[in-house]
Amino acid sequence: MKEGVIEKIQRILRSVVIGDRYSKLTDDGEKVAYITVSGFLLLLTVPLAIVGTTYLGVFVYRLIIKSIMILSCFAAVYFIRTTTYPPHLISLFPVTLSAVYWLYLFFTGEFDFWIGIWLLAVPPVALLLCGMTIGLIQVAVIFVGMLLVMFSPLARISPDVFVSLRITLFYLFILAVVIIDERIRAWSERRLKALNAEVAHERNIIKAMEDNIDQGIFLMNSELVIQPHYSRPLAPILSYDNTGLEGRSFIDILRSSLNPKQLQIMEGYFSMMFEKTKSEKVLVSANPISEFHYKSATRLKVLKTKFHLIERENEESLVIGIVEDITREKEFEKELQAQKEAKDLEMKNMFDVIQVDPLVFHDFIEDTDSNFNYINQTLKDRGLSEKQVITKFFQNVHAIKSNALVLGLETFGKKLHELEGEIKEVSDYERVTQQDILSLAVKLELIMQDRDSYVAIVKRIESFKSSHQIDSILIHSLNKAAEKVAAETHKKVDLKAGQVDIEILESELRKPIKDILFQCVRNSIYHGIESSEERLRKNKKPRGLLVFSIKNVDGKAEVTFSDDGRGLDLGKIKKKYLEMNPNRRHANANTLLAAIFSPEFSTADEVTEIAGRGVGLSLVKDLVKENRGTINVNNSESGLTFKFTFPLAS
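Trainee: Mind laying out the overall build of the protein, listing which residues take part and the relevant values?
Mentor: Broken down by element type, the protein carries 24 helices and 9 strands. Across the 650 residues of the protein, 36% fall into the buried class. Counted over contacts in the protein with a minimum sequence separation of 6, partners at least 24 positions apart contribute 61%. If you sum the accessible surface of the protein, you get close to 39300 Å²; carbon and sulfur atoms cover 58% of it.

What follows is the structure in structure tokens.
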């Protein structure tokens, strides 16, 4: 579409008055300075041109000066629009030229109305166009010049003293007014800039909150219509796209999740909120959907909501809504509750089982299995009618229940009692079907899982009792230690116990022997046992083997521990030994074997939770010494064996 005449004229005028550079400026202060200086210099050419026409044919030199002043104004405007120099510096030349010219006319004796006006205009013009610092210098220079003209003996005019004082005081008054106005304007600009920065900062904070909070926050009017601005999580919480909520009725969004009566209650609740008929505290507690199930297109969610009224002066009040998806939290609560109930049931079952004599309990389990197996056989018997099957089913369930209640297995008995009620209801049917019987059989199968839990509890109790034999405790502890170290080093090992004399473990040697074996297990797995791949390359079994024994030999306690690993790396041990003993150049095998029991001696490349500090074997040495024992080490490529001998108390 072609540009109209009016639009073209407007564009030309805008280009002449404002200039194209204005649109490139981003700072508001720069825009104000640009328009002020540029516009004022353009306007200044008008009176200069009018006054200049009066000099045609009369004062040629004055006409030339006026023309120069007009050209300087145009030149300043041109430079303001085409360069990046500050406008107040560009205005320096035309303003100074004008002020000096007016002072010159005052000096020549043309002490009339117009010259007085032009001189009194110097303070506002200089400060406005050239800024506070440069403008004050210009104003001061002109003021000194005026004083010299009026009061100096060399002056070419001799105005009345009172007139001179009036001019001086009025000049200073205008200067003071302009300075005060400029200070107020500068303070206002700083204050406005600070406020804008604060608002921008708060806006950024709000934006960041909108982008990062996991709650849906929105505003709605008295018609319950969602307003344009809402937090980003609101859309996915309500299962909408990012543009699908603005202008929608909140009640319509809830329509698929609430029944008509609930929707009516919601509308009444919001009416009370807008009408302010109830206190804020009452409204918060009366929220009918503080927590509710929300039906989305893909799933059922649990949402939590809060609503507050926002009153605005001279504007319509709004309600701010906060919606949070707590589905995962509710699911987690259900999981915890289920775990708690299972744990409580397990504790209850354990309490029930503990009170039962083991022999009586085993007898109960056998009877229960017999009844259960009989039910299964009955279900498979094609020669029986459905009525006969349900009767035998009923009889055997009752037998199991009776036995359970006699033993005090209340939970188990209660479930069987409830199943009896269902069996009775089915047996009263005019026609019993295979489907009815199958359904009851499935329920009995689920109940029998409690029987399995009782058996498991008994096994745990028996295992606990047996594991608390002193030798079993030691073997169990060493097995746990071996499993842990093997898992941490990514190796596979088996621990085998040989002969273990209980008498030795019941003596004061129990704890030192246990500590010694623990250190041997850790040391062997970390340093001796190879990885499965390396063992296969050496034609060994992929799992390493640790073997220990504790036995009485000729009145002494002999503790033997061996592994089938790589043995001691004497070369690595020698290197470490010479590093720790720089004054030694050689070391024989016995010296190196003794060195591995030295404090802080370790060939590990790095310190880990398992090894690396050189403490383990030094602890073994001290324990042996404290208990008056001896150590013998047998090293080979097929493994390492430690033999510890201790005297037994007579």
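There is more to say after this.
Trainee: Give a description of the pairing of strand β1 (residues 216–220) that names residues and reports values.
Mentor: By the alternation rule, side chains of β1 split into G216, F218 and M220, which are all buried, and I217 and L219, of which none is buried. Note: β1 against strand β4 (residues 318–325), 5 bridges, orientation antiparallel. Among the inter-strand pairings, M220 is bridged to a residue of β4, identified as V319.

Trainee: Can you break down the pattern of salt bridges residue by residue, with the values?
Mentor: Using the criterion set out here, one finds 19 salt bridges in the structure. Taking the shortest distance from any N to any O, the salt bridge between K443 and E422 comes out at 2.4 Å. Of this pair, K443 sits in helix α17 (residues 434–467) while E422 sits in helix α16 (residues 410–427), and the two are 21 residues apart along the sequence. A relative accessible area of 30% means that E422 is categorised as partly exposed. When the shortest N-O distance is used, the salt bridge between R543 and D494 registers 3.2 Å.

Trainee: Requested: an account of the pairing of strand β8 (residues 630–636), with residues and values cited.
Mentor: Sheet topology places β8 next to strand β9 (residues 639–647); 7 bridges connect them, and they run antiparallel. Each bridged residue has a counterpart across the sheet, and for I631 the counterpart in β9 is F644. Between the antiparallel neighbours β8 and β9 lie 2 residues.

Trainee: Any chance you could break down the sheet that holds β1 for me, citing the residues and the numbers?
Mentor: Pairing is antiparallel in the open sheet, where 4 strands are placed in the order β1-β4-β3-β2. Each of the sheet's edge strands pairs with one partner strand only, and the pair in question is β1 and β2 (291–295). Direction aside, the axes of adjacent strands within the sheet are offset by 35 degrees on average.

Trainee: Tell me what's going on with α16, and back it up with residues and numbers.
Mentor: In this model, α16 (18 residues) spans 25 Å end to end at C-alpha, consistent with the 26 Å of a helix rising 1.5 Å per residue. Considered for burial, the residues of α16 that qualify are T411, F412, G413, L416, L419, E420, I423, V426 and S427.

Trainee: Quick rundown of the packing of aromatic side chains? Include the residues and the values.
Mentor: The tally for this structure, following the rule as stated, stands at 8 aromatic pairs. Look at Y269 and F307: their rings are 6.4 Å apart centre to centre, the planes differ by 65 degrees, and that puts the pair in the edge-to-face class. One end of the pair, Y269, is in helix α11 (residues 260–275); the other, F307, is in strand β3 (residues 300–310), with 38 residues separating them in the sequence. Accessibility expressed as a relative area gives 2% for Y269, which makes it buried. Given the relative accessible area of 2%, F307 is considered buried. Taken together, the aromatic side chains of F218, F250, Y269, F270 and F307 make up a single cluster linked through ring pairs.

Trainee: So, the nonpolar core: which residues are in play, and what are the values?
Mentor: Membership of the largest hydrophobic core comes to 41 residues, with the highest contact counts inside it found for I513, I516, L517, F548, I550, F644 and F646. At 6 residues, the largest contribution of residues to this core is made by helix α20 (residues 510–528). Apart from the residues lying within four places of it in its own chain, the contact partners of F644 are I516, C520, A557, E558, V559, V620, V624, T630 and I631. Counting 38 residues, the second largest nonpolar core, distinct from the first, contains M69, Y101, F106 and L129.

Trainee: Lay out the sheet that holds strand β5 (residues 493–500) in plain terms, naming residues and giving numbers.
Mentor: Pairing within the open sheet is mixed, and its 5 strands lie in the order β5-β6-β7-β9-β8. Pairing within the sheet leaves two strands with one partner each, and these edge strands are β5 and β8. Here the strands of the sheet are splayed against their neighbours by 10 degrees on average, with no regard to which way each runs. Most of the contacts of α20 go to strand β7 (residues 556–563), to which it runs at about 15 degrees, and overall it touches β5, β6 (544–553), β7 and β9.

Trainee: With reference to specific residues and values, describe the environment of L234.
Mentor: Along the chain, L234 turns up in helix α9 (residues 234–237). On a C-alpha basis, the gap between L234 and E324 in space is 8.4 Å, while along the polypeptide they are 90 residues apart. Every residue in contact with L234, bar those within four places of it in the chain, is listed here: G216, I217, F218, L245 and V323.

Trainee: Run through the packing of helix α5 (residues 92–107) against helix α7 (residues 122–151), naming residues and quoting values.
Mentor: The contact between α5 and α7 brings their axes to 10 Å, and the two run at 20 degrees. Looking at the two axes, α5 sits roughly parallel to α7. Here the hand of the crossing between α5 and α7 comes out right-handed. Residues L92, V95, T96, A99, V100, W102, L103, F106 and F107 of α5 form the contact with α7, whose participating residues are V122, V125, A126, L129, C130, I134, Q138, I142, G145, M146, V149 and M150. For the contact of α5 with α7, the per-class residue count stands at 18 nonpolar, 3 polar and no charged.

Trainee: Talk me through a nonpolar patch on the surface; I want residue IDs and the actual numbers.
Mentor: Where nonpolar side chains cluster on the molecular surface, the patch consists of F151, V161, F162, L165, L169 and L172 and spans about 590 Å² of accessible area. Examining the composition of the nonpolar patch, we find that 5 residues originate from one element, helix α8 (residues 161–212), more than from any other. Of note, F162 is situated in helix α8. Accessibility expressed as a relative area gives 56% for F162, which makes it exposed.

Trainee: Could you give me a rundown of the side chain of S249, with the residues and numbers involved?
Mentor: Here S249 shows up in the loop between α9 and α10 (250–254). The class of S249 is buried, set by a relative accessible area of 17%. Those residues within four positions of S249 in sequence are excluded, and the remaining contacts are L224 and V225.

Trainee: Which residues make up the confidence of the model for the protein, and what values go with them?
Mentor: For the protein, the mean per-residue pLDDT works out to 79, and 83% of the residues sit at or above 70. Per-element confidence in the protein ranges from a low mean pLDDT of 68 for helix α1 (residues 5–17) to a high of 93 for β7. Considering only residues more than four positions removed or in separate chains, one finds that residues 607–614, a stretch of pLDDT under 50, has 23 contacts.

Trainee: An account of the side chain of K491 is requested, with residue identities and associated values reported.
Mentor: For K491, the position within the fold is in the loop between α18 (470–489) and β5. Contact partners of K491, with chain neighbours within four places excluded, come to A486, I525, Y526, I529 and E530.

The rules behind these values
- Residues numbered from 1 in each chain as written.
- Predicted model: local features only at pLDDT ≥ 70, side-chain atom pairs only at ≥ 80, totals over all residues.
- Heavy atoms only, no water.
- Helix = DSSP H or I, 4+ residues; strand = E, 2+ residues; numbered from the N terminus.
- Buried < 20%, exposed > 50% of the residue type's maximum accessible area, 1.4 Å probe, protein only.
- Contact = heavy atoms within 4.5 Å.
- Areas by Shrake-Rupley, 256 points an atom, 1.4 Å probe, with all protein chains shown as cover.
- Pairing = 2+ DSSP bridges.
- Salt bridge = Lys/Arg side-chain N within 4 Å of Asp/Glu carboxyl O.
- Axes fitted to C-alpha atoms, helices over the stretch in contact; angles between N-to-C directions.
- Expected span 1.5 Å × (residues − 1).
- Phe/Tyr/Trp six-rings, centres within 6.5 Å; stacked < 30°, edge-to-face > 60°.
- Core = buried A, V, L, I, M, F, W, Y, C linked by side-chain atoms within 4.5 Å.
- Parallel < 35°, antiparallel > 145°, perpendicular 65-115°, else oblique.
- Left-handed = near helix turned anticlockwise from the far one by under 90°.
- Nonpolar A, V, L, I, M, F, W, Y, C, P; charged D, E, K, R; others polar.
- Patch = residues over 30% accessible without salt bridge, like charges linked within 9 Å, V, L, I, M, F, W, Y side chains within 5 Å.
- pLDDT = per-residue confidence, 0-100.

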